[in-house]
Protein chains: 4
Amino acid sequence: MPDFTLDTKETALLLIEYQNEFTTEGGKLYPAVKEVMEKTGMLENSSKLLEFCREKGVTIVHCSIGFEKGHNEISNMPYGILAGVKEGSAFEIGSTGHEICDAMKPKENELVVKGKTGLCAFQSTNLDFILRQNNMKNVVLGGFLTNCCIESTMRTAYEKGYKVYTLKDCVGATSLAAHEAAIEHNFGLFSVPTTSEEVKEALITVA
Amino acid sequence: MPDFTLDTKETALLLIEYQNEFTTEGGKLYPAVKEVMEKTGMLENSSKLLEFCREKGVTIVHCSIGFEKGHNEISNMPYGILAGVKEGSAFEIGSTGHEICDAMKPKENELVVKGKTGLCAFQSTNLDFILRQNNMKNVVLGGFLTNCCIESTMRTAYEKGYKVYTLKDCVGATSLAAHEAAIEHNFGLFSVPTTSEEVKEALITVA
Amino acid sequence: MPDFTLDTKETALLLIEYQNEFTTEGGKLYPAVKEVMEKTGMLENSSKLLEFCREKGVTIVHCSIGFEKGHNEISNMPYGILAGVKEGSAFEIGSTGHEICDAMKPKENELVVKGKTGLCAFQSTNLDFILRQNNMKNVVLGGFLTNCCIESTMRTAYEKGYKVYTLKDCVGATSLAAHEAAIEHNFGLFSVPTTSEEVKEALITVA
Amino acid sequence: MPDFTLDTKETALLLIEYQNEFTTEGGKLYPAVKEVMEKTGMLENSSKLLEFCREKGVTIVHCSIGFEKGHNEISNMPYGILAGVKEGSAFEIGSTGHEICDAMKPKENELVVKGKTGLCAFQSTNLDFILRQNNMKNVVLGGFLTNCCIESTMRTAYEKGYKVYTLKDCVGATSLAAHEAAIEHNFGLFSVPTTSEEVKEALITVA
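This is a predicted model, so every value here is computed, not measured.

1. Brief notes about the overall build of chain A
(1) Moving on: Of the regular secondary structure elements, chain A holds eight helices and eight strands.
(2) Moving on: Since a compact globule built from 207 residues should have a radius of gyration of about 17 Å, the 16 Å found for chain A is in line with a globular shape.
(3) Moving on: In terms of principal-axis extent, the alpha carbons of chain A reach across some 50 × 35 × 30 Å.
(4) Moving on: Looking at chain A alone, contacts between residues at least 24 apart form 78% of all its contacts between residues at least 6 apart.
(5) Moving on: Of the accessible surface of chain A, which amounts to about 7600 Å², a share of 50% is contributed by carbon and sulfur atoms.
(6) Moving on: Looking at charge distribution, chain A has the averaged site of its 20 positive side-chain charges lying 3 Å from that of its 28 negative ones.

2. Re the state of the cysteines
(1) Moving on: The full count for this structure, using the stated rule, is zero disulfides over all chains.
(2) Moving on: With no disulfide of its own, B:Cys101 lies closest to B:Cys170 among cysteine sulfurs, the gap being 12 Å.
(3) Moving on: On the basis of relative accessible area, B:Cys101 is assigned to the buried category, the value being 4%.
(4) Moving on: Of all cysteine sulfurs in the structure, the one in D:Cys149 sits closest to D:Cys148, which takes part in no disulfide; the separation is 4.2 Å.

3. Describing the UniProt feature "domain: Isochorismatase-like" (unreviewed entry) in chain A
(1) Moving on: Annotation from UniProt places "domain: Isochorismatase-like" (unreviewed entry) at residues 11-198 of chain A.
(2) Moving on: Its end C-alpha atoms 14 Å apart, residues 11-198 of chain A is made of 39% helix and 18% strand.

4. Observations concerning the nonpolar core
(1) Moving on: Judged by nonpolar contacts, the single largest core of 137 residues is most densely connected at B:Leu13, B:Leu131, C:Leu13 and C:Leu131.
(2) Moving on: Those residues within four positions of C:Leu13 in sequence are excluded, and the remaining contacts are C:Leu49, C:Leu50, C:Cys53, C:Val58, C:Thr59, C:Ile60, C:Val61, C:Val140 and C:Leu167.
(3) Moving on: One finds A:Val58, D:Tyr30, D:Met42 and D:Cys170 within the second-largest nonpolar core, a separate group that totals 135 residues.

5. A short note on the pattern of salt bridges
(1) Moving on: Under the definition given, this model contains 52 salt bridges over all chains.
(2) Moving on: For B:Lys48, the salt bridge goes to B:Glu44, with nearest N and O atoms at 3.2 Å. Remark: B:Glu44 and B:Lys48 occur in helix H3 (residues 42-56); sequence separation between them is four residues, near one turn of the helix.
(3) Moving on: Take B:Lys48: its relative accessible area is 47%, and that puts it in the partly exposed class.
(4) Moving on: In this structure, the salt-bridge partner of D:Lys105 is D:Glu99, at a minimum N-O distance of 3.9 Å.
(5) Moving on: Taking the relative accessible area as the measure of exposure, D:Lys105 reaches 34% and is therefore partly exposed.

6. Digging into the environment of C:Thr125
(1) Moving on: On the secondary structure map, C:Thr125 appears in the loop between strand E4 (111-113) and helix H5 (127-133).
(2) Moving on: Here the alpha-carbon distance between C:Thr125 and C:Ile65, two residues 60 residues apart in the chain, equals 10.0 Å.
(3) Moving on: Beyond its immediate sequence surroundings of up to four residues, C:Thr125 is in contact with C:Val113, C:Lys114, C:Gly115, C:Lys116, D:Gln123, D:Ser124 and D:Thr125.
(4) Moving on: One polar contact links the side chain of C:Thr125 to the main-chain carbonyl oxygen of C:Ala121, over a distance of 2.5 Å.
(5) Moving on: For C:Thr125, the side chain forms a polar contact with the main-chain nitrogen of C:Leu127, separated by 3.0 Å.

7. Examining empty space enclosed by the protein
In this approach, a probe sized like a water molecule rolls over the atoms, and the result shows the empty space that is left.
(1) Moving on: Per the counting criterion, the structure on display carries six cavities of 30 Å³ or more.
(2) Moving on: By volume, the largest cavity is sized at about 880 Å³.
(3) Moving on: Together, 39 residues line the largest cavity, and A:Lys160, B:Lys160, C:Lys160, D:Gln123 and D:Lys160 are the ones closest to its centre.
(4) Moving on: Put simply, the parts of the chain that give the lining of the largest cavity at least two residues each are helix H5 (127-133) and helix H6 (149-159) of chain A, helix H5 (127-133) and helix H6 (149-159) of chain B, H5 and helix H6 (149-159) of chain C together with helix H5 (127-133) and helix H6 (149-159) of chain D.
(5) Moving on: What the second largest cavity holds in volume is close to 80 Å³.
(6) Moving on: Lining the second largest cavity are B:Cys120, B:Gln123, B:Ser152, B:Arg155, B:Thr156, B:Glu159, C:Cys120, C:Gln123, C:Ser152, C:Arg155, C:Thr156 and C:Glu159.

8. A word on unusual backbone geometry
Trans is the common state for peptide bonds, and a negative phi is the common state for residues other than glycine.
Residue and element names in this part refer to chain A.
(1) Moving on: Cis geometry is adopted by the peptide bond preceding Leu-145, which originates at Phe-144 and carries an omega value of -25°.
(2) Moving on: For Leu-145, the position within the fold is in the loop between strand E5 (138-144) and H6.
(3) Moving on: Residues other than glycine seldom take positive phi values, yet Ser-89 does so here, at roughly 45°.
(4) Moving on: Mapped onto the elements of the fold, Ser-89 is located in the loop between helix H4 (81-87) and strand E4 (111-113).

9. As for the sheet that holds strand E6 (residues 163-172) of chain C
Strand-to-strand pairing in sheets goes through backbone hydrogen bonds, with the strands running parallel or antiparallel.
Residues and elements named next belong to chain C.
(1) Moving on: The strand order across the open sheet formed by six strands is E4-E3-E2-E5-E6-E7, and the pairing between neighbours is parallel. Lying at the two open borders of the sheet, with one neighbouring strand each, are E4 and strand E7 (192-194). Taken pair by pair, the neighbouring strands of this sheet meet at an average axis angle of 25°, ignoring direction.
(2) Moving on: Bridge count between strand E5 (residues 138-144) and E6: six bridges; the pairing is parallel. Residue pairing for E6: Val-139 is matched across the bridge by Val-164.
(3) Moving on: Against the sheet, helix H7 (residues 176-190) makes contact with E6 and E7, and its axis sits at roughly 170° relative to E6, the strand it touches most.

10. Here we look at the interface of chain A and chain D
Interface size is often expressed as the accessible area that is lost when the parts come together.
(1) Moving on: Taken together, the contact pairs 31 residues of chain A with 31 residues of chain D.
(2) Moving on: Here chain A meets chain D over a buried area of about 2400 Å², counting both sides, of which 55% is carbon and sulfur.
(3) Moving on: For chain A, the biggest contributors to the area lost against chain D are A:Tyr79, A:Tyr158 and A:Glu159; these three give 30% of the whole.
(4) Moving on: Where chain A touches chain D, the interface holds two salt bridges.
(5) Moving on: Taking the shortest distance from any N to any O, the salt bridge between A:Arg155 and D:Glu151 comes out at 3.4 Å.
(6) Moving on: One can count 26 residue pairs in polar contact (both at pLDDT 80 or more) joining chain A with chain D.
(7) Moving on: Secondary-structure elements contributing two or more residues to the side of chain A that touches chain D are H4, H6, strand E6 (163-172) and helix H7 (176-190) of chain A.
(8) Moving on: Looking at the side of chain A that touches chain D, the element that brings in the most residues is H7(A), giving eight residues.
(9) Moving on: Among the residues forming the side of chain A that touches chain D, the class breakdown is 16 nonpolar, eleven polar and four charged.

11. Comments concerning the packing of aromatic side chains
(1) Moving on: Across all of its chains, the model carries 28 aromatic pairs over all chains by this definition.
(2) Moving on: Consider the rings of D:Phe4 and D:Tyr165, whose centres lie 4.7 Å apart with planes at 35°: the pair is tilted. Of the two residues, D:Phe4 is situated in the segment before strand E1 (6-7) and D:Tyr165 in strand E6 (residues 163-172); the sequence distance between them amounts to 161 residues. For the pair shown, D:Phe4 and D:Tyr165 are each scored as buried.
(3) Moving on: An aromatic cluster is built from A:Tyr18, A:Phe22, A:Phe91 and A:Phe144, whose rings are joined through pairwise contacts.
(4) Moving on: One Lys or Arg, A:Lys163, reaches over the ring of D:Tyr79 and ends 5.1 Å from the middle of that ring.

12. Points about the relation of the copies chain A and chain B
(1) Moving on: Overlaying chain A with chain B gives an RMSD of 0.0 Å, the required rotation being 180° about an axis along which the chain moves by 0.0 Å. Expressed as an axis order, the relation between the two copies is that of a two-fold axis.
(2) Moving on: Looking at chain A, 100% of its interface residues are interface residues in chain B too, so the copies touch through the same face.

13. Considering the interface of chain A and chain B
(1) Moving on: The interface is formed by 22 residues belonging to chain A together with 22 residues belonging to chain B.
(2) Moving on: Around 1800 Å² of area is buried between chain A and chain B when both sides are counted, 50% of it from carbon and sulfur atoms.
(3) Moving on: Of the charged contacts in the structure, one is a salt bridge between B:Glu68 and A:Lys114, with a shortest N-O distance of 2.7 Å.
(4) Moving on: Remark: the boundary between chain A and chain B carries ten residue pairs in polar contact (both at pLDDT 80 or more).
(5) Moving on: Per-element tally for the side of chain A that touches chain B: the top contributor is H5(A), with three residues.
(6) Moving on: Of the residues contributing to the side of chain A that touches chain B, the split by class is six nonpolar, twelve polar and four charged.

Parameters at a glance
- Residue positions are counted from 1 within each chain, in the order its sequence is given.
- Chain letters and ligand numbers both follow the written order, the letters beginning at A and the numbers at 1.
- Where local features are concerned, this predicted model is filtered to residues with pLDDT of at least 70; where side-chain atom pairs are given and counted, the filter is 80 or more; whole-chain, interface and lining totals use all residues.
- Here the side-chain values reflect all heavy atoms present in the structure, with hydrogen atoms and water set aside.
- Helix and strand assignments come from DSSP, with helices taken as H or I runs of at least 4 residues and strands as E runs of at least 2, each series counted from the N terminus.
- Put simply, the radius of gyration uses C-alpha atoms, and a globule should come to 2.2 Å times the residue count raised to 0.38.
- It only takes one pair of heavy atoms within 4.5 Å for two residues to be counted as in contact.
- Every accessible area reported is derived by Shrake-Rupley at a probe size of 1.4 Å, with residue values counting cover from the shown protein chains alone.
- By the counting scheme adopted, Arg and Lys are positive, Glu and Asp are negative, and His together with the chain ends is not counted.
- Lysine's charge is taken at NZ, arginine's at CZ, aspartate's at CG and glutamate's at CD.
- To count as a disulfide, a pair of cysteine sulfur atoms needs to be within 2.5 Å.
- For each residue, the accessible area found with a 1.4 Å probe, counting protein chains only, is set against the maximum for its type, and the residue is called buried under 20%, exposed over 50%, and partly exposed in between.
- UniProt positions are given in the numbering used here, feature names are shortened, and annotations may be inferred rather than shown by experiment.
- Joining through side-chain atoms within 4.5 Å is the link that ties buried Ala, Val, Leu, Ile, Met, Phe, Trp, Tyr and Cys residues into a set, and such a set is a nonpolar core.
- Throughout this description, the term salt bridge denotes a Lys or Arg side-chain nitrogen within 4 Å of a carboxyl oxygen of Asp or Glu.
- Each polar contact in these results corresponds to two N or O atoms within 3.5 Å; when the atoms are within protein, one needs to be able to donate a hydrogen and the other to accept it, and residues that are neighboring in sequence are counted only if both atoms are side-chain atoms.
- Cavities and pockets are defined on a 1 Å grid built over the protein atoms alone: a cavity is a set of grid points where a 1.4 Å probe fits but cannot escape, while a pocket is an open set with protein on both sides within 12 Å along at least five of seven lines, and lining residues are those with an atom within 4 Å of any such point.
- Grid points are joined across faces, edges and corners, and a volume is the space filled by probe spheres set on the points.
- When DSSP finds at least two bridges between two strands, those strands are taken to pair.
- Axis definition: a line fit to C-alpha positions, over the contact stretch in the case of helices; interaxial angles, taken between N-to-C directions, run 0 to 180 degrees.
- When two components associate, each loses some accessible surface as probed by a 1.4 Å sphere; the sum of these losses over both components is called the buried area.
- When residue character is reported, Ala, Val, Leu, Ile, Met, Phe, Trp, Tyr, Cys and Pro are called nonpolar, Asp, Glu, Lys and Arg charged, and the others, Gly included, polar.
- What counts as a ring pair is set by centres within 6.5 Å for rings of Phe, Tyr and Trp (its six-membered ring), and what kind of pair is set by the plane angle: stacked under 30 degrees, edge-to-face over 60, tilted for all other angles.
- To sit over a ring, a charge needs its Lys NZ or Arg CZ within 6 Å of the ring centre and within 35 degrees of the ring normal.
- Least-squares fitting of one copy onto the other uses the C-alpha atoms of those residues that reach a pLDDT of at least 70 in both copies.

If you want it as structure tokens, here you go:
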């Protein structure tokens, strides 16, 4: 049993970049994350948790990354991880790769974050706005990449005063070493590292 | 002649909420802003400046506000200006009111800000991300409302270190008194108040 | 009687720039704000509210603006209101003008915001960090200037999802016209405009 | 020779938490970082780079973390890394541990960031304000901890559009494994990983 409880009315399940580009055969980055995905079963774990949270009435928040054709949102002299995103024309709005995969598709009335053209899910989006307006205190975090967008989002959520829970079995990266290093060295600094099973047990509804 | 110059390569024309909800007969907020719009000619002035800036190669940035059906991005117990937006179901994505009006329609490859569910164009969007990635130093500001989104955006842009230019003849509000008070008392604190004609004269292309 | 209540455990009284530079004979900006201060009695009203809030156990948050000698935090080519601050060497750390005035002096264990070199009390400070860590939901706002730092802070607090209360009788500006225009046209968009007397009546302690 | 150049007029050397608490015998966290510090020689490397940058006219920016007695800036129910900081009363303002160590002491007129009560040097401070006002484009990053404040600052600086350079030989952590994992897996995503020697060679003064 986990040593924490999560009030469903104050808890958001934040699902980051479950887009075909990552999750699905044919996606530009699928080959890069396939190994870790298979090893951890993160997509199946995430999908089951999503269903569970929907039944419990947890607030579901979907967050995709996307760029208009030409990727003009990114500098003409990019460096770091955005250079690869631009060069590879990844996550182009309107493409299949940009769409959220079938297993994690948003339902009507679920919250969909807009504006993500960077890595941290807070820096270029209305995520904080939505969470505050909906009185969320706890953020439960799954998706891609363990040591990139997930980790940046975890770090910022922590600084903004949310109680952050990171799902070790619902995240993936481009190498097992990067994935495991993030969890081992960094997740505990800025979150309560946990699993989808523990979160299911921790969710309670306070009258 | 204005006492400033604007390098086209470092200047963004930031166009805020030229959406049918405000600009066009049938828009929910058109009756509220109609008087000031007619008095200042802000839509025609803005449209002419937009054409001029396109020819000069100025970076054009469009910024709309929008909410999914149900306005769940906003609190269930809203107050202040967002209460009215939610109650009136204004700026609903997919509606005609949400669309940018014909006179100001974005062209392909122009930058379109995403995420605006608040008032300041920076707080819940990728505006700062886009401006920094594109090396913009100057922000020239027009749209709605003089004392609400325009003023909040001006204030934040100033704090973020941009050189801000506010277009007195390209902004509008729900009352002439509110419009004029913002320009008289506040625009000079956080920007260089100017006009579309002065901006046209100030734009230069540095080799 | 006000039509709202304020839970003392979730309410912060945010006191902005009650520094000698503004409040006290000899302060560089005292001549500019003297007229409005005398007209509204804002310093006496603020001081009485501060005492009341201390007794009730409201969280007190003090926020000063300050610059190191030389004002190197500000650009060498400043414009807008920061140009005047730098030219006049106002709010220099270590000077009497920088100190909070006797009537509003912080007590031990009260929270003191750090980093304010801009106008909005959130943009360059640890204010949001402190408020979130201390579980504050309501921000009650008094100080200087009605249409500058107070208004910028109100606007940002609103976007960040706080319930904002602005104290019409505890704020001041450099002209009565600017002061009154801000209250009339803008305070209601981003806050619940109120008075120190109403806040005193609204404060309750929930067990 | 490095494959980049750094214009001294647009480059900030950002020095994070070279405080006695970390760097000096008797500091509360000195035992934790001593091993990595000795292995990499980060303090000596940093000190030499600081002297070099001063001579070249690079903008020096010092950034400490600090809390008032009682650590009331941090929640009463802290978790993650801030829990340890509060429990250990680390970085208390006024204590020797809070002071920047002799080897890295700021000189008059150097910029000193204020407000840091969190981990990322941007989130609760005037760092971005200062960098923008001073027209900085490049941020060269050294200090503590490789995988905590350094990494969070690197990530945010990248999102904000700065060109970030991380100094592999001028950073330290509480374990060699955490230090090396951050450099290996994450530094390249959000920065140009480099060394103090390369930065010295890359610094040029453009007329």
